[in-house]
Amino acid sequence: MRDEAENSRTAAGDTGAEAEFPFLEGGAFPTREDLEAVLSLSGKERLLEILNAPDPVELVAQMPVLDVFLTIKDLGLADAVELIGLAAPEQIIHFLDLDLWKKDRLQQEGIVAWLEMLEACGGGKLRQILEAADPELVLAVLGKCLLIKKEENREEDQGKKEGEKGFTLDRIYYVEFRDPSRASLLTRILKDINQYDPSYYQDLLDRLYWSLPAEEEEAALRWRKGRLADQGFPDFTESLEIYRYLPPESRREPGPPPIALEASSWVPPGYLERAGQGSFLFEAAGRALTEEQIGRIKNEMVHLANQVLVAMGADPGEPEAIRTSTVRAFQTLDLGLRHLSGEDPDRAARTLESLPVFRIFQTGFSLGLDLQFKAEALFKKTGWFGAWEGRKEWLDSPYREIIQALLLKHPLYFDPAAAGNYRPFRTLVELSEVEGKLHSLEVLGRIFSRWPGYSAPEINALRRRPLYFPGSILALLLTGLARWILTEEAIPKPLTVPELEGIGPRLLDPARSAAWLATLQTQGVLESREEEEVLRAWLTLARDRLAEEIGRIPPAHRLDPRYVSLLLVER
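In what follows, the accompanying structure is described. (Residues numbered from 1 in each chain as written. Predicted model: local features only at pLDDT ≥ 70, side-chain atom pairs only at ≥ 80, totals over all residues. Heavy atoms only, no water.)

Here we look at the overall build of the protein
(1) Moving on: Check the secondary structure of the protein and you find 31 helices and 6 strands.
(2) Moving on: Look at the contacts in the protein between residues 6 or more apart in sequence, and 73% of them connect residues 24 or more apart.
(3) Moving on: Entry remark: accessible area of the protein is about 27500 Å², with carbon and sulfur atoms responsible for 51%. (Helix = DSSP H or I, 4+ residues; strand = E, 2+ residues; numbered from the N terminus. Contact = heavy atoms within 4.5 Å. Areas by Shrake-Rupley, 256 points an atom, 1.4 Å probe, with all protein chains shown as cover.)

As structure tokens, then:
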């Protein structure tokens, strides 16, 4: 494609510097607007725009490496030959860093696929990569595909046919292919290398013969980590710094100043722009910030997303992992920015001027940790829940899932509509909602701790009794109400099967619940208006769940204990 562009310019009369440096020709060098337009596209549309550019080689050279790589992954290697052919050797080495490794090991399948594509590019592209790559990477890659043997004793080997010894071009080094099905491809590559530079070929096979594959791979990995660091991918330990807890009193402190953007020509990658659409960050940045400030913020966002990806233990060569980490970075950053600004976009813009992005992210993450600490205090330390053996197992949905999400290494929000049911917190409303649930549990535990029959030891004893269903908080409350209706005892003593007859409609009667609450107030179980409101809310939830469970059973029918999970019934 570049040859076609050069031929057209030569035919038009370009000479001298203009012919040698096509970007000097008016309109050939990609402008910032050109880059942003290309980066706003994806897949085949992006490739078509690149191929139709005045100088596609220069355009690809100016694109962020990760964006070019994601384009290749979107297209698939087989359909990305033209794009790979336009990329510079240094860019392709970065592609290999991203795509050939899984964790800390080279993958033979990926190696073969890239060798096929580089050969298909023609124009000596593969030789360019061999010349530009560090020798350790070349040896590690070829060592995954080839086994080199050397003719040490010609007399002993004299009786063997050439085919038995392996493939050779010099009758000194013999090559065995670790995967015979790839022999044709690798043979063509070796012949091409030898034809281009026989000395390099001899030296390459000599080094392969004497090298230790594990050592070469380890050395190649060190080079790879250095290049990834240059591309903004930190090591694992460094990436964890973004998850450091910030106490509430330090979240509004100035902290370290934002890092100035070194290159004013830097263009934010397309995947960042797509992930940030509709974010509070972009809304705030568009209020009063300069283009230079916005560029600095987006540059910091790229590094932040990379830190999230590494901290997740994800593979930087997986497009979905890149997109997921970028979205998560925006979500948690938005949360911190909303908190620091009171959700005022103008105040948020001023916050972005004075604080680096990673510190705002730390604030957002710390808001989730605040809730985690409260959950741990509730269930792992003191109080009724801390002494209750049932703990989370007896929690009703969604409380059980909320606590499970908070007690993960990185606290998350329970969202039944999300993939896996868990995701990062996005809004202050979600934080407030979960905090309210924790407070409701804390108040209920305080009530239970002084309620006869509801102490932690007494409830724990119920777990050892033969019941139709394991208990839950709602079942404890409804069983206590049922026992009070039947015997005027406000304790969660399990019902017998005969006692189930006719109890359903009486439990669903709000007047009986109100009368029970009044009794509990008289007995001193409820000590404040807040405790009464909390217990009333729990009872309302219990009655609603019971109505769903027994709503289709005619009132005249006795409840079948095998299908009633919201009452404790003796088996």
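Details of the packing of helix 21 (residues 319-341) against helix 22 (residues 345-354)
(1) Moving on: Packing of helix 21 against helix 22 brings their axes to within 9 Å, and their N-to-C directions diverge by 110°. What the angle tells us is that helix 21 and helix 22 run roughly perpendicular. As helix 21 runs across helix 22, the sense of the crossing is right-handed. Residues Leu337, Leu340 and Ser341 of helix 21 touch helix 22, and the partners they reach there are Arg347, Ala348, Thr351 and Leu352. (Axes fitted to C-alpha atoms, helices over the stretch in contact; angles between N-to-C directions. Parallel < 35°, antiparallel > 145°, perpendicular 65-115°, else oblique. Left-handed = near helix turned anticlockwise from the far one by under 90°.)

Side note on the nonpolar core
(1) Moving on: In terms of nonpolar packing, the biggest core is built from 105 residues, with Ile92, Phe95, Trp114, Leu146, Leu281, Met301 and Leu352 touching the most fellow members.
(2) Moving on: If sequence neighbours within four positions are ignored, Trp114 has contacts with Ile72, Leu77, Ile84, Ile92, Phe95, Leu96, Asp99 and Leu100.
(3) Moving on: Counting 65 residues, the second-largest nonpolar core is a separate cluster that includes Ala375, Phe379, Val525 and Leu559. (Core = buried A, V, L, I, M, F, W, Y, C linked by side-chain atoms within 4.5 Å. Buried < 20%, exposed > 50% of the residue type's maximum accessible area, 1.4 Å probe, protein only.)

Points about helix 15 (residues 198-210)
(1) Moving on: For helix 15, which comprises 13 residues, the first-to-last C-alpha distance of 19 Å matches the rise-based estimate of 18 Å (1.5 Å per residue) to within 8%.
(2) Moving on: Taken together, the buried positions of helix 15 are occupied by Tyr201, Leu204, Leu205 and Leu208. Seen end-on, helix 15 carries its buried residues on one side only, within an arc spanning 90°. What points out from helix 15, more than 90 degrees from its buried face, is the exposed set Ser199 and Trp210.
(3) Moving on: Tucked into the core, helix 15 has its buried residues touching helix 11 (135-143), strand 3 (146-150), strand 4 (173-177) and helix 14 (183-196). (Expected span 1.5 Å × (residues − 1). Arc of directions from axis to C-beta.)

Considering empty space enclosed by the protein
(1) Moving on: A complete count under the given rule lists 1 cavity of 30 Å³ or more for this structure.
(2) Moving on: Reported here for the largest cavity is a volume of approximately 160 Å³.
(3) Moving on: Taken together, 14 residues form the lining of the largest cavity, with Leu96, Leu115, Ile129, Leu130 and Val141 sitting closest to its centre.
(4) Moving on: When contributions to the lining of the largest cavity are tallied by element, the ones reaching two or more residues are helix 9 (108-121), helix 10 (125-132) and helix 11. (1 Å grid on protein atoms, 1.4 Å probe; cavity = no way out; pocket = protein on both sides within 12 Å on 5 of 7 lines; lining within 4 Å. Points joined across faces, edges and corners; volume = space filled by probe spheres on them.)

What to know about the side chain of Glu430
(1) Moving on: Within the secondary structure, Glu430 sits in helix 26 (residues 428-449).
(2) Moving on: Accessibility expressed as a relative area gives 10% for Glu430, which makes it buried.
(3) Moving on: There is a polar contact of 2.5 Å between the side chain of Glu430 and the side chain of Arg423.
(4) Moving on: Residues contacting Glu430, with those up to four places away along its chain left out, are Tyr413, Arg423, Pro424 and Phe425. (Polar contact = N/O pair within 3.5 Å; in protein donor to acceptor, adjacent residues only side chain to side chain.)

Description of the packing of helix 25 (residues 399-406) against helix 26
(1) Moving on: Contact pair helix 25 / helix 26: the axes reach a minimum separation of 11 Å and the direction vectors enclose 110°. Overall, the two elements helix 25 and helix 26 adopt an arrangement that is roughly perpendicular. Helix 26 is crossed by helix 25, and the crossing has left-handed handedness. Contacts from Tyr399, Ile402, Ile403 and Leu406 of helix 25 reach helix 26 at Val434, Lys437, Leu438, Ser440 and Leu441.

With respect to helix 14
(1) Moving on: The end-to-end C-alpha distance of helix 14, which contains 14 residues, comes to 20 Å, matching closely the 20 Å that a straight helix rising 1.5 Å per residue would cover.
(2) Moving on: Restricting attention to buried positions, one finds in helix 14 the residues Ala183, Leu185, Leu186, Thr187, Ile189, Leu190 and Ile193.
(3) Moving on: Next to the buried residues of helix 14 lie helix 9, helix 10, strand 3, strand 4 and helix 15.

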